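# Inside the fold
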Amino acid sequence: MAPPFPAVVFDLDGTLTVPGTTRPAPGVIALVEALHARDVPLAVATSASVGPARRVLAGLGVLACFTEVAGRGTDGVYAGKDAVVGEALLGLGITTAGPGTPMLGDSPADLDAAAAHGLVPVGVAWGASRADALRAAGACAVLGHPDELWSLRAS
Ligand SMILES: [Mg+2]
């Protein structure tokens, strides 16, 4: 059976975690594990530094599910979400995103960056932004629960 998505990119804070914490958002761990079990390449694109981001993911028990964790470099320079998403895609070996490749995020900047790279901008309603703000920022869908991602699969 073919993977249900070509790849999925996740924001970290407010998307995989409860905003401002290292606790998992309800349902996201099961989603990440299910995608990984179905051979969907996964990446994180975060404005946090890569080292701490990897430690958060390890604490959640899902670091091994991610092919790439892109974020602020060790020099502390943050080039913006757009650049980080580009780096995440390079880490996945993707130069042109296939149709139906979602990026999940809880802020308008996530959605802007997703669209800039040809990803499907998907908002999450459990993060730092309201659903209507995410829709206004161009979200193709706003998930109320992580499992709703499955309804967006291409096949
Ligand atoms: Mg976020």
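That block above? That's the structure.
Before going into details, it helps to say that this report is about the structure given with it. Please read all numbers here as calculations on a predicted model, not as lab measurements.

## Observations regarding the nonpolar core
- Counting 28 residues, the largest nonpolar core has Phe10, Leu16, Leu35, Leu42, Phe66 and Leu104 as its most contacted members.
- For leucine 16, the contacting residues outside a window of four places in its chain are Phe10, Asp11, Arg23, Pro24, Ala25, Val28, Val32, Val44, Leu57 and Phe66.
- Ranked by size, the runner-up nonpolar core spans 16 residues in total, among them Val85, Ile94, Ala113 and Ala114.

## A few points about the packing of aromatic side chains
- Enumeration over the complete set of coordinates arrives at two aromatic pairs.
- Note on phenylalanine 5 and tryptophan 150: the rings are 6.3 Å apart at their centroids and 40° apart in plane angle, and the pair reads as tilted. Linking phenylalanine 5 in the segment before β1 (8-10) with tryptophan 150 in the segment after β6 (141-143), this pair joins segments that are 145 residues apart in sequence. Here phenylalanine 5 and tryptophan 150 have matching classes, each one buried.
- Taking the centre distance of 6.0 Å and the plane angle of 85° together, the rings of phenylalanine 10 and phenylalanine 66 count as edge-to-face.

Conventions used here
Residues numbered from 1 in each chain as written. Predicted model: local features only at pLDDT ≥ 70, side-chain atom pairs only at ≥ 80, totals over all residues. Heavy atoms only, no water. Core = buried A, V, L, I, M, F, W, Y, C linked by side-chain atoms within 4.5 Å. Buried < 20%, exposed > 50% of the residue type's maximum accessible area, 1.4 Å probe, protein only. Contact = heavy atoms within 4.5 Å. Phe/Tyr/Trp six-rings, centres within 6.5 Å; stacked < 30°, edge-to-face > 60°. Helix = DSSP H or I, 4+ residues; strand = E, 2+ residues; numbered from the N terminus.

Any link to function would need more than the numbers given here.
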